[in-house]
Amino acid sequence: MRYRRILMKLSGGALAGEEGWGFAPQAIEHIADEVLDVHRMGVEVGIVVGGGNIFRGELGEQWGIERAEADNIGMLATVINGLMLRGALTARGEGSDVRVMTAIPINAVAEPYIRLRAINHLEHGRIIILVAGTGNPYVTTDYPAVQRALELRAEALLAAKNGVDGIYTADPRRNPAARRYRTIGYDTVIRQNLRALDQSAVLLARDHSLPVHVFDFDQAGAMRRICVGEDVGTVIADARDELV
């Protein structure tokens, strides 16, 4: 096993599947199966989930909603997704203990995020789902994903993408000659302004040498393969740039 404790960054769009909005049962079942697969191997799993399948920032701009208000709506959307994901994991997990922890106090439906309590849950074999970002506007879920990974002493961040199997030298849909990076340094991602994660998230990962795996979550077994040592997708790390 390469990793014993991981944090996965899951976009809200992953719950919507091909529809792009709302919830797709098949997509949610796939997420649950992949997470439970690595959890049964003994990997401690935390998940940061986004809310883009319910509300996106551009909607706020279209409707004239100021950014802080729109971000508050988006954070509440992540809570809904976290509860949906907990329901799916619990239903398919044959008794798996799953906890939703929120940065915004909503005590009737989720626990408050407390770092040491979250670590305790992981140490006792519970899956934790972290929602509401940092509880503050003007921050996407990329930055909280790196922050929570560091706070919880995760060994790596797994950035699950939909239909994107890594970081390329150019957009492969427009440039057939584009090549995928096997490994890429933090500074290259920042210097070239590659859109794998928000720049602030990459800077934070770089400052604390947190490896980030960018991979296509649609590939069955991808999380398992990463945890046992395969370099699936692209690894952002303290490493030289290497193309496939």
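Our subject is the structure listed above.
Residues numbered from 1 in each chain as written. Predicted model: local features only at pLDDT ≥ 70, side-chain atom pairs only at ≥ 80, totals over all residues. Heavy atoms only, no water.

(A) Layout of a nonpolar patch on the surface. On the surface, Phe-23, Ile-54, Ile-80 and Met-84 cluster together to form a nonpolar patch covering roughly 300 Å² of accessible area. Note that Phe-23 resides in the loop between α1 (13-16) and α2 (25-40). We classify Phe-23 as partly exposed; its relative accessible area is 33%. (Patch = residues over 30% accessible without salt bridge, like charges linked within 9 Å, V, L, I, M, F, W, Y side chains within 5 Å. Areas by Shrake-Rupley, 256 points an atom, 1.4 Å probe, with all protein chains shown as cover. Salt bridge = Lys/Arg side-chain N within 4 Å of Asp/Glu carboxyl O. Helix = DSSP H or I, 4+ residues; strand = E, 2+ residues; numbered from the N terminus. Buried < 20%, exposed > 50% of the residue type's maximum accessible area, 1.4 Å probe, protein only.)

(B) Highlighting the nonpolar core. Formed by 39 residues in total, the largest nonpolar core has its most connected members in Met-8, Leu-10, Ile-47, Leu-89, Ile-129 and Phe-215. When residues of this core are assigned to their parent elements, the largest contribution, six residues, is made by α2. Sequence-distant contacts of Met-8, defined by excluding residues within four places in its chain, comprise Val-35, Gly-46, Ile-47, Val-48, Leu-157, Leu-158, Ala-160, Phe-217 and Met-223. Within the second largest apolar cluster, 35 residues are counted, among which are Leu-7, Tyr-113, Ala-118 and Ile-236. (Core = buried A, V, L, I, M, F, W, Y, C linked by side-chain atoms within 4.5 Å. Contact = heavy atoms within 4.5 Å.)

(C) Up close: the sheet that holds strand β8 (residues 212-216). In space, the ten strands of this open sheet follow the order β4-β3-β5-β2-β1-β6-β8-β9-β7-β10, with mixed pairing throughout. Each edge of the open sheet carries a strand with a single partner, namely β4 (111-112) and β10 (242-243). As defined by bridge partners, strand β6 (residues 156-161) adjoins β8 across five bridges and the pair is classed as parallel. Each bridged residue has a counterpart across the sheet, and for Ala-160 the counterpart in β8 is Phe-215. Against the sheet, helix α6 (residues 142-151) contacts β1 (5-10), β2 (44-49), β5 (127-131) and β6, and its axis sits at roughly 170° relative to β1. (Pairing = 2+ DSSP bridges. Axes fitted to C-alpha atoms, helices over the stretch in contact; angles between N-to-C directions.)

(D) Representation of the packing of aromatic side chains in the model. Within the structure shown, the criterion is met by two aromatic pairs. Taking 6.4 Å as the distance between ring centres and 55° as the angle between the ring planes, the aromatic pair formed by Phe-55 and Trp-63 counts as tilted. A relative accessible area of 58% places Trp-63 in the exposed class. Between Phe-215 and Phe-217 the ring centres are 6.3 Å apart and the planes differ by 65°, which places this aromatic pair in the edge-to-face class. Overall, Phe-215 belongs to the buried group, its relative accessible area being 0%. The class for Phe-217 is buried, based on a relative accessible area of 2%. Lying over the aromatic face of Trp-21, Arg-56 brings its terminal NZ or CZ to 4.5 Å of the ring centre. Here Arg-148 stacks its cationic end above the ring of Tyr-113, 3.9 Å away from the centre of that ring. (Phe/Tyr/Trp six-rings, centres within 6.5 Å; stacked < 30°, edge-to-face > 60°. Lys NZ or Arg CZ within 6 Å of the ring centre and 35° of its normal.)

(E) Spatial organisation of the pattern of salt bridges. Under the defined criterion, the tally for this structure stands at 17 salt bridges. Notably, a salt bridge pairs Arg-2 with Asp-231, separated by 2.9 Å at the nearest N-O pair. In this pair, Arg-2 is assigned in the segment before β1 and Asp-231 in the loop between α9 (222-228) and β9 (234-237), connecting sequence segments 229 residues apart. On the basis of relative accessible area, Asp-231 is assigned to the partly exposed category, the value being 37%. Note that Asp-142 is salt-bridged to Lys-9, the shortest N-O span being 3.7 Å. Residue Asp-142 is located in helix α6, and its partner Lys-9 is located in strand β1; the two are separated by 133 residues in the primary sequence. Connected via shared salt-bridge partners are Asp-97, Arg-99, Glu-111, Arg-117 and Arg-126.

(F) Region of interest: the packing of α6 against helix α8 (residues 199-207). Two numbers describe how α6 lies on α8: the axes approach to 7 Å, and their chain directions differ by 20°. One element, α6, and the other, α8, form an angle in the roughly parallel class. You can see that α6 and α8 cross each other, and the crossing is left-handed. Contact with α6, carried on its side by Asp-142, Tyr-143, Val-146, Gln-147 and Leu-150, involves Ser-200, Ala-201, Leu-204 and Ala-205 of α8 and no other residues of that element. Here the residues of the contact of α6 with α8 are counted per class, giving six nonpolar, two polar and one charged. (Parallel < 35°, antiparallel > 145°, perpendicular 65-115°, else oblique. Left-handed = near helix turned anticlockwise from the far one by under 90°. Nonpolar A, V, L, I, M, F, W, Y, C, P; charged D, E, K, R; others polar.)

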